[in-house]
Amino acid sequence: MATQTPVSPVADRTTALRPSGRMLEVLHEWVTTVDHKKIGLMYIAYALVFMLIAGVQALLMRIQLAVPNNHFVSPQEFNRLFTMHGTTMVFFVGMPILFGFGNYLVPLMIGARDMAFPRLNAFSFWIAGFGGLLLYFSYFAGSGLYAAGTAPDVGWFAYAPLTARAFSPGHSTDYWTLGVLLSGIGTIGTALNIVTTTICMRCPGMKMSRMPLLVWLYFVTCCMVFVAVSPLTAAQIMLMIDRYLGGHFFDTQAGGSAVLWMHFFWIFGHPEVYILVLPAFGFANEIIPVFSRKAIFGYPAMVGATVGIGFISLSVWAHHMFSVGLGPGANAFFTFATMVISVPTGIKIFNWLATLWGGNIHFTTSMMFAVGFLFQFLIAGLTGIMLSVAPFDWQLTGSYFVVAHFHYVLVGAILFMIFSAFYYWFPKMSGRVLVEKLGKWHFWLFLIGFHLTFDFMHIPGMLGMPRRIYTYEADRGWAMWNMIISSGAVLQAIAILIFVYNMVWSYFKGPVAGPDPWDAWTLEWTTTSPPPAYNFAVLPTVESRRPLWDLKHPEDPDSNYE
Amino acid sequence: MLIRTTISAIHILAFGLVPTSIFSPAGTPAHSIFDLSMFVFAITGTIFLVVAGLLLYALIRYRNQPGHTGREPTQIYGSNQIEVSWTVIPILIVVVLFLTSARVIFTTQAAPKPKKALDVVVIGHQFWWEFRYPKLGIVTANELHVPVSDPLHPTPTYLTMSSADTDHSFWVPRLAGKTDVIPNKVNVMWIDPATPGLYLGQCAQYCGTQHALMLIRVYADSPSDFAAWVARQKMPAVESADAAEGEAVFQRNACINCHTVAGTVATGRFGPDLTHLASRDTIASGALPNTEENLRGWVDNPDHYKPGALMPPMHLNQHDLDAVTKYLTTLR
Ligand SMILES: [Cu+2]
């Protein structure tokens with residue numbers, strides 16, 4: 001049992017070169033870094049900036065929809081808003097923030113000094129980052145550099161043939177295509193890196209079966225990235241061929257197929273949901289046990305369920321297409337496949353429940369967000385079952401019910417777990433703990449805002465309100481619900497501001513964390529906070545899934561039970 | 001029956017009289033979806049109560065209490081029996097749910113077509129609907145007239161749908177679920193409203209700038225009303241002497257390149273057929289009531305009412321505008 005405790009700074013070769021605080025040199029250091037922790041932090045910072053932008057876009061949309069027949073923004077502007085909001089949140093907030101945490105945590109948790117390919121890591125970050133800038137450059141150059149710009153307005157899934165040049169003149173759609181394409185290349189690069197790191201760089205004693213579940217979840221996520229993001233990248237290239245080289249893949253006016261694009265997009269799009277949610281499950285698998293003071297219940301089942309979800313999620317894409325007219329046979333098949341995925345997902349929820357059971361639950365802010373995640377993910381799963389019932393979906397698809405459902409997944413589950421992860425790992429990353437009192441404010445305001453917005457959003461959907469409409473008639477009975485939805489959005493915005501303030505304040509003045517503020521069990525807590533460059537002077541050796549538990553309880557180590 | 005009445009009572013209490021609610025079905029497909037959805041709500045609701053209840057219990061029962069010794073709780077790593085049970089029970093639920101769904105999928109999408117069904121061709125356009133009745137020789141726009149269908153002698157309407165430009169989706173929640181309207185693809189759906197009345201809906205697939213104002217109105221007419229409507233629609237456009245000037249203006253301008261008025265030189269198909277425009281309650285795909293004032297305003301500048309609509313402002317002078325408006329109101 002030789003887990004290594006803090007490392008001497010001697011191993012840190014960059015210390016000697018560290019600039020004496022001069023802005024330019026600091027900047028240079030970050031731009032040229034190949035350190036997985038710095039890259040991870042840059043991913044997170046980048047995602048947070050885009051989250052604020054896309055959040056403002058959401059607010060503008062909610063102002064427009066708060067009352068019927070509103071003229072706050074024009075229809076054109078509204079269509080750009082939801083296109084940019086969706087694209088940004090998925091590709092330039094969700095993916096980078098999760099890869100940021102993955103970059104930071106995976107090497108630390110498996111006792112490695114860096115990623116397998118540090119330069120590829122930096123490349124992936126910068127290329128994806130460039131993609132985001134390119135997307136937003138459309139605001140200035142969407143109509144070509146000579147004319148005023150416009151952002152794309154084709155929706156985040158950009159259904160053909162709306163993207164054909166006949167319907168999308170100018171370059172805004174091209175910026176969308178290129179931005180998403182580049183982000184996809186970065187994603188594949190990082191996924192390759194994490195997979196290789198997990199396979200090749202584990203410290204002595206860390207068999208695959210001893211990896212922290214978070215690492216397993218990232219491993220499966222990244223394997224899915226290869227299968228899911230590649231078709232999207234291919235489709236973007238085909239779209240560019242259509243637009244500029246006279247191809248007719250999706251150009252219906254020349255015999256192309258609109259349905260083909262849908263297949264390409266959702267073969268990416270559905271696994272993408274799991275690509276985003278699995279890392280969030282990974283956070284839950286680390287955080288819930290630590291604050292329940294119990295080992296995760298059913299580790300092998302958790303791994304099995306994850307791998308199962310990974311495979312099944314590749315065969316459910318057409319549940320986004322129940323109204324496309326694929327025929328009763330296909331509809332029945334995809335209904336079944338979609339329902340089946342609820343089995344491994346259910347296993348996870350039950351295992352988390354069993355982990356809480358008999359524990360000693362500490363309600364830190366991090367844990368409170370994780371608890372919110374559990375309830376909300378349960379509800380999101382159940383509305384997902386409703387949507388998997390193809391006939392019910394004929395009513396619900398394309399309506400606000402779907403918008404409510406996937407925001408329950410993306411915000412209620414994933415974003416809640418990301419917040420939980422911030423409160424949990426911020427001390428490791430910065431050396432200081434986020435102030436709990438502000439954290440509680442953040443939690444409660446966000447929780448109330450979230451439920452006002454997304455609980456009530458299911459209702460207008462069932463009352464016939466389609467998504468992506470910039471306004472609606474007063475006689476439809478949707479107005480009151482929309483007002484409630486919009487007011488919740490304001491509360492969420494305030495909560496986010498508190499969170500940002502908390503991060504800034506705590507970074508400078510928060511309580512000092514020390515190496516292991518939560519009395520946790522995985523390897524990242526054996527290093528200093530923040531960890532030194534290259535993480536471990538001497539590679540740790542592990543003998544169970546919870547090396548620090550073994551260290552803290554030598555009389556009753558985990559290795560006796562595994 | 002009792003359950004249905006109770007549910008609809010609760011529904012009215014909670015939501016008021018919403019004209020587009022999926023919970024007040026008025027046709028067979030919508031009814032079977034409604035029944036299925038109640039079953040699904042019951043199952044998912046039960047699952048929610050059980051799991052959320054257990055979660056809540058665990059959180060309260062096992063919370064860290066003040067004065068706790070600080071000793072770690074007993075570590076439990078798993079249990080095969082329990083894990084098998086919470087794998088098998090969900091599998092059983094999935095099988096039941098799947099079989100009930102599959103039944104509705106097939107009864108709706110693979111139902112044999114009755115002989116007396118009416119055929120309508122639906123063509124989605126950026127941002128309006130074209131309806132053609134091939135066997136009756138009728139072409140109209142935005143307002144679909146169908147006969148009510150007596151459950152004992154069903155006369156459903158079969159909609160054969162495609163798009164002239166981008167993707168759309170035909171959704172009238174009280175009659176049926178939605179079916180997408182896609183270029184280069186032909187989809188079929190059917191509706192069979194049992195009671196006469198007006199059923200509202202709208203395009204449910206993002207199709208461009210004015211997706212929001214691409215509304216649908218379905219009129220379910222009694223057999224005699226429907227016959228009268230058909231007879232009138234089959235007549236050629238009304239010619240009236242005091243609208244002759246307006247007709248001349250209409251035919252002098254580009255109107256005729258985009259609009260059809262049967263029996264005249266106007267044969268355009270880019271915009272709605274105007275042969276019996278005055279028989280419709282609304283214009284611009286349900287966006288405006290069909291009044292003289294609105295017609296005038298619309299022809300003057302469609303963008304004012306429906307920014308992004310594909311009809312250009314025609315820049316007629318006031319005199320011509322009045323004349324054309326007059327002409328349009330005579331097209332009964
Ligand atoms: Cu449409």
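For the structure, check the block above.
Residues numbered from 1 in each chain as written. Chains lettered and ligands numbered in written order. Predicted model: local features only at pLDDT ≥ 70, side-chain atom pairs only at ≥ 80, totals over all residues. Heavy atoms only, no water.

Visitor: Is there a simple way to explain unusual backbone geometry in this structure?
Guide: A negative phi holds for most residues other than glycine; trans holds for most peptide bonds. Across the junction of Ser529 of chain A and Pro530 of chain A, the peptide omega takes the value -10 degrees, indicating a cis bond. Note that Pro530 of chain A resides in the loop between helix H15 (479-509) and helix H16 (547-552). With an omega of 5 degrees, the peptide bond running from Gln126 of chain B to Phe127 of chain B counts as cis. Its location among the elements puts Phe127 of chain B in the loop between strand S1 (118-125) and strand S2 (128-133). Backbone geometry at Arg293 of chain A places phi at a positive 60 degrees, although glycine is not the residue there. Mapped onto the fold, Arg293 of chain A is located in the loop between helix H7 (258-292) and helix H8 (299-312). Given a relative accessible area of 6%, Arg293 of chain A falls into the buried group. Residues other than glycine seldom take positive phi values, yet Asn142 of chain B does so here, at roughly 65 degrees. (Helix = DSSP H or I, 4+ residues; strand = E, 2+ residues; numbered from the N terminus. Buried < 20%, exposed > 50% of the residue type's maximum accessible area, 1.4 Å probe, protein only.)

Visitor: Hey, could you run me through the interface of chain B and chain A in this one?
Guide: Where the parts come together, the accessible area they lose is often given as the size of the interface. Facing the 87 residues of chain B at the interface are 99 residues of chain A. Of the roughly 7,900 Å² buried between chain B and chain A on both sides combined, carbon and sulfur atoms contribute 70%. Area buried by chain B at its contact with chain A is led by Tyr77, Trp86 and Tyr206 of chain B, which between them contribute 11% of it. The interface formed by chain B and chain A includes one salt bridge. Among the salt bridges present, the one from Arg293 of chain A reaches Glu72 of chain B, with a minimum N-O distance of 2.7 Å. Where chain B packs against chain A, one counts 29 residue pairs in polar contact (both at pLDDT 80 or more). For the side of chain B that touches chain A, the element with the most residues is helix H2 (residues 28-61) of chain B, which contributes 17 residues. (Contact = heavy atoms within 4.5 Å. Buried area = accessible area lost by both parts, 1.4 Å probe. Salt bridge = Lys/Arg side-chain N within 4 Å of Asp/Glu carboxyl O. Polar contact = N/O pair within 3.5 Å; in protein donor to acceptor, adjacent residues only side chain to side chain.)

Visitor: Help me understand the coordination of the copper ion, please; the structure alone is not making it clear to me.
Guide: Six octahedral donors around a metal ideally make angles of 90 or 180 degrees; four tetrahedral donors ideally make 109.5 degrees. Residues and elements named next belong to chain B. Protein coordination of the copper ion is provided by His168 (ND1), Cys203 (SG), Cys207 (SG) and Met214 (SD), with donor distances spanning 2.1 to 2.7 Å. Between the four donor atoms coordinating the copper ion, the angles at the centre fall across 86 to 130 degrees, so the site counts as tetrahedral. Using a relative accessible area of 0% as the deciding quantity, one classes His168 as buried. The exposure class assigned to Met214 is buried, which follows from its relative accessible area of 0%. (Donors = N, O, S within 2.8 Å, 3.2 Å for Na, K, Ca; no water. Tetrahedral: all angles 85-135°; square planar, octahedral: opposite > 155°, others 65-115°.)

Visitor: Help me out: how do you make sense of the sheet that holds strand S4 (residues 143-147) of chain B in this one?
Guide: Note on sheets: strands pair through backbone hydrogen bonds, and any given pair is parallel or antiparallel. Residue and element names in this part refer to chain B. An order of S4-S10-S9 is seen for the three strands of this open sheet, with the pairing classed as mixed. Of all strands in the sheet, those bounded by a partner on one side alone are S4 and strand S9 (197-202). On average, each strand axis in the sheet is tilted by 25 degrees relative to the strand beside it, whichever way the strands run. With five bridges connecting them, S4 and strand S10 (residues 215-221) associate as parallel partners. Considered in S10, the bridge of Val146 is made with Ala220. (Pairing = 2+ DSSP bridges. Axes fitted to C-alpha atoms, helices over the stretch in contact; angles between N-to-C directions.)

Visitor: Honestly, the packing of helix H3 (residues 75-109) of chain A against H7 of chain A in this entry has me stumped. Any pointers?
Guide: How two helices sit against one another is set out by the angle between their axes and by the gap between those axes. Residue and element names in this part refer to chain A. Put simply, H3 and H7 touch, their axes get as near as 11 Å, and they point 40 degrees apart. Between H3 and H7, the interaxial angle falls into the category oblique. In this structure, the crossing between H3 and H7 has a hand that is left-handed. Where H3 abuts H7, its residues Val90, Phe91, Gly94, Met95, Leu98, Phe101 and Met109 lie against Phe268, Glu272, Ile275, Leu276, Pro279, Phe283 and Glu286. Grouping the amino acids of the contact of H3 with H7 by side-chain chemistry returns 11 nonpolar, one polar and two charged. (Parallel < 35°, antiparallel > 145°, perpendicular 65-115°, else oblique. Left-handed = near helix turned anticlockwise from the far one by under 90°. Nonpolar A, V, L, I, M, F, W, Y, C, P; charged D, E, K, R; others polar.)

Read these as geometric descriptors, not functional statements.
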